[in-house]
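# Structure at a glance
What follows is the residue order along each chain.
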Amino acid sequence: MLEFKRKLEKKIYGELKEKYPLHSSEIEISYTPHQKMGDLALAFPFHLAKKMKRQPRELAQEIIDHLPSLEGVERVEVAGPGFINFFLDRKQFFSRRLHSLGQASLSPEEEKIIIEHTNINPNKAAHIGHLRNACLGDTLGRCLKYKGENVEIQNYIDDTGVQVADVIFGFMELEKKNLSQIKQIEEKFDYYCWDLYAHASSYLESHPEAQKRKSEILKKIEEGIDPENEIAHYISHQIIKAHLKTMGRIGVNYDLLPCESSILHLKFWEKAFSLLKEKKAIFLAGEGVNRGCWVMKPERETEKEKIIVRSDGTVTYVGKDIAYQLWKFGLLEKDFYYKPFIKEDNKTIWISSSTPEGKSPSFGKGSQVYNVIDSRQDYLQKIVVQGLKSLKYLAQAEKSIHFSYEMVALSPKSLKELNLIVSDEDREKDFLEVSGRKGLGVKADDLLDRLEAKALSEVEERNPDLPSERKKEIAHKISNGALRYFMLKFARNSLIVFDFEEALNFEGETGPYLQYTLVRINSIFRKLKEKEGFDEKDLQALLSSGEMAMEKLTESELSDFWNVVFFASQFEEEVLHSIRSLEFSHLAKYSFSLCQKFNSYYHVYSILAEKNKEVKRIRILTIYYIKEVLERALSLMGILQPERM
RNA sequence: GCGCCUGUAGCUCAGCAUGGAUAGAGCGAGGGAUUCCUAAUCCCUAGGUCGUAGGUUCGAAUCCUGCCAGGCGCGCCA
């Protein structure tokens, strides 16, 4: 479709450029609002009419008279106040789409793209907010790979931060546990830490004298002193494993886990610091409130200067982030060591190390970097980019993309359902921010468990005779579809106020609706095979024969056929649009609309029962085409495809 | 105070990049469809001053400005 439009635009421009004052960019083909008006539309007669001081409609007609017959276009007409609308040769169009299935017309534009997402502090279980992050980042990765890009997924691990220290404080001071006692904990470890973290946080808040011990813990893990350090190591690694398992449940994967501890021990910051000083990107404040700090000048006069190194010589969060961002672009002149963290059949997840290890693939050195981080960090991400600019890495600053999105909050109803106690002040609000520190949130695994349980009971009801393993597998796929679609259907700037009833819904605009549509299509092919012996070979024969007797379709069937096929042909444009705008709700809504169109078609036109062979053939090809597009759409969204439901 | 984001149907949200033809879905409400490929479906009905006031334009939900309302950020926390 994309290619078809571009060719047509070029051809039309070529025909008209001599006769009219036109720029090639003005010839832009769009879609008509309604099928009966035609398929493609040109709006340029309006601009041209203005330039030439003429009536748009009359001018449009004149232009049409000048146009030769166009390949693939059956009819051209003036519409409305002066649009030029094209009616395509449906048979030719469909036949070409079928033949070009599988050969993507998209092409990569970057050397290597790095996506950083998930980034959960390794001190507690993952919650719904993290699921949104992971779903967005993972979908971006899948779409970019589909486009042909070389993509590396990184999940940054802040294993030396205060959050981890809080949990260590909880273990050592509140529960008086040593490492071997911690290892004996039988409960789900990330859940155990979830509660302990909340407990330790509130304890530390009400016992300011305990802060001293916490600072000591923090210092010891940064300097690598046991037992605090080995406990930190144990906790973070156990939690990372739990997170990877949770994300594995929804099909989210990573290539590399870069750790804060490695950045620290390999002195990434020191290198970045000398670069920043050398290029005068930061300076030492000699007076004012920030005296003794290294600060970055604001871009605008009205903004405050940003502290990068505190007066005690320690670096701030944003400073470390600048160092990490430099490394991602291969600009730091330093690298991590790497070792495998998890090895599975054909996939290894690597983790950074601060000491030399064996052979590993090459990481980092991206030409473009996406950081998937929620919108509360807009300002800090801006500072990171500003850091690159001050270092005169303008190209890299341009290619540092903050994939910003709104958070997931909790509705008062959800909180009540979880039996979470909230303060009177919080109760007044329409929604509450998820807070790991307060233990306020819906744990990712809990939500997934509930989705699976609900899906299982629905499967039981519909397919009581299936073996229990099959049922479980289907329920898993359904829960996966429900969750992934839910996380994608909202625009990224839309705050999701989480509600169980809405998230657990399997009807209407939901993942299971999409999955169900595909199940129906597959079911038709299964029955075709069972009842008529129509198999893959027959399908291929049908595809290559190119025989389509479109004239056998009634006028209304031709119109319904075209409605769904023409829409399906726009898939690649939707993917590109989603990548460009980082708005995967487009892809989600597009897929949903495609399913709606198919389901309407399905109710009117029977395939198995159709007596007319020629009509039947067209219908088979139609649903085959939709199946191919839909399967691709679902896989880009990370939605699994059950064979039955 | 400054910066960013949001305001569209009873509810939840698309549409805004690149202005275009009659503003769309889902949920909820009411009605209907199953001797026929899975009813997790489909069809019909009701429901809209696109926050508000201006501006630009042949044309504005979409672009610009003001105002109102809400959220987030602006720390020698991470």
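What you are looking at is a predicted structure, and each value in this text was computed from that prediction instead of being measured. (Residues numbered from 1 in each chain as written. Chains lettered and ligands numbered in written order. Predicted model: local features only at pLDDT ≥ 70, side-chain atom pairs only at ≥ 80, totals over all residues. Heavy atoms only, no water.)

### Thoughts on the domain arrangement of chain A
To keep it simple, the criterion reads: Delimitation of the domains relies on an automatic or database domain assignment. Residue contacts are counted whenever heavy atoms from the two residues lie within 4.5 Å of one another. Reported buried area values correspond to the accessible surface (1.4 Å probe) lost by two parts on association, with both partners' losses combined. Salt bridges are defined as contacts in which a side-chain nitrogen from Lys or Arg sits within 4 Å of a carboxyl oxygen from Asp or Glu.
Each assigned domain of chain A is listed with its residue range as follows: domain 1 (2-88), domain 2 (409-504) and domain 3 (511-636). Contacts between domain 1 and domain 3 engage seven residues on the former and seven residues on the latter. Surface buried jointly by domain 1 and domain 3 totals about 710 Å² across both partners, of which 56% is contributed by carbon and sulfur atoms. Counting the contacts that link domain 1 with domain 3 gives one salt bridge. Note that Glu573 is salt-bridged to Lys5, the shortest N-O span being 2.6 Å.

### Quick look at the packing of helix α22 (residues 536-545) against helix α26 (residues 613-636)
This is how the line gets drawn: Between N-to-C directions, angles cover 0 to 180 degrees, with each direction set by a line fitted to C-alpha atoms, over the stretch in contact for helices. Runs of E in the DSSP output that reach at least two residues are strands. Runs of H or I that reach at least four are helices, and both are numbered from the N terminus. Here the word oblique covers every angle except those under 35 degrees (roughly parallel), over 145 (roughly antiparallel) and from 65 to 115 (roughly perpendicular). Put simply, Ala, Val, Leu, Ile, Met, Phe, Trp, Tyr, Cys and Pro go in the nonpolar bin, Asp, Glu, Lys and Arg in the charged bin, and everything else, Gly too, in the polar bin.
Relative orientation of the contacting elements α22 and α26 amounts to 100°, with a least axis distance of 11 Å. Considering their axes alone, α22 and α26 lie roughly perpendicular with respect to each other. Between α22 and α26, the contacting residues are Leu539, Leu542 and Leu543 on the first element and Arg617, Ile620, Leu621 and Tyr624 on the second. Its residues assigned to classes, the contact of α22 with α26 shows six nonpolar, no polar and one charged.

### Structural notes on the protein's contact with RNA strand B
We count it as follows: By convention in this text, a residue qualifies as near a molecule or strand provided that one of its non-hydrogen atoms is within 4 Å of it. In protein, a polar contact means a hydrogen-donor-capable atom and an acceptor-capable atom, both N or O and within 3.5 Å, with residues adjacent in sequence counting only if both atoms are side-chain atoms; elsewhere, any N or O pair within 3.5 Å suffices.
Taken together, 62 residues surround RNA strand B, and among them Arg310, Arg462, Tyr516, Ser523 and Tyr605 come closest. For RNA strand B, the fraction of atoms within 4 Å of the protein that belong to sugar or phosphate moieties is 63%. Here Leu608 contributes a backbone N or O atom positioned 3.1 Å from a base oxygen of RNA strand B. The set of elements that each furnish at least two residues to the surface near RNA strand B consists of α2 (44-52), β4 (83-88), α14 (378-390), α18 (444-462), α21 (511-532) and α25 (584-604). Counting residues per element, the surface near RNA strand B draws most heavily on α25, at eight residues. Its residues placed into classes, the surface near RNA strand B shows 29 nonpolar, 16 polar and 17 charged.

### So, the sheet that holds strand β10 (residues 306-309)
Definition in use: What makes two strands pair is DSSP finding at least two bridges between them.
The antiparallel open sheet is built from three strands, whose spatial order is β8-β9-β10. Each having just a single partner strand, β8 (283-284) and β10 make up the two edges of the open sheet. By the bridge criterion, three bridges tie strand β9 (residues 294-296) to β10 in an arrangement that is antiparallel. Note on β10: the bridge partner recorded for Trp294 is Val309.

### Quick notes on the environment of Ile263
To be explicit about the condition: Think of it in three bands: residues with accessible area under 20% of the maximum for their type are buried, residues over 50% are exposed, and the middle band is partly exposed, with areas taken using a 1.4 Å probe on protein chains only.
You can see Ile263 is positioned in helix α11 (residues 260-265). For Ile263, a relative accessible area of 3% translates into the label buried. Setting aside chain neighbours within four positions, we find Ile263 in contact with Tyr156, Phe268, Trp269, Tyr324 and Phe336.

### Here's the deal with the pairing of strand β12 (residues 347-353)
Within β12, five of the seven residues are buried, leaving the element largely enclosed by the surrounding structure. In this sheet, β12 lies alongside strand β7 (residues 256-257) in parallel orientation, the contact comprising two bridges. What sits directly across from Leu257, in β12, is Ile351. Where strand β11 (residues 337-344) lies against β12, seven bridges are found, and the strand directions are antiparallel.

### Focus on the nonpolar core
One recurring pattern in soluble globular proteins is that nonpolar side chains are buried together. Here is the rule: What we call a nonpolar core is a set of buried Ala, Val, Leu, Ile, Met, Phe, Trp, Tyr and Cys residues that are connected through their side-chain atoms within 4.5 Å.
Residues Ile128 and Phe498 are the most contacted members of the largest nonpolar core, which totals 147 residues. No other element matches the 13 residues that α26 contributes to this core. Setting aside residues no more than four positions away along its own chain, Ile128 makes contact with Val408, Leu410, Val434, Val442, Ala444, Leu447, Met487 and Phe498. Counting residues in each nonpolar core, the second largest holds 38 residues, with Leu256, Val309, Ile322 and Phe336 among its members.

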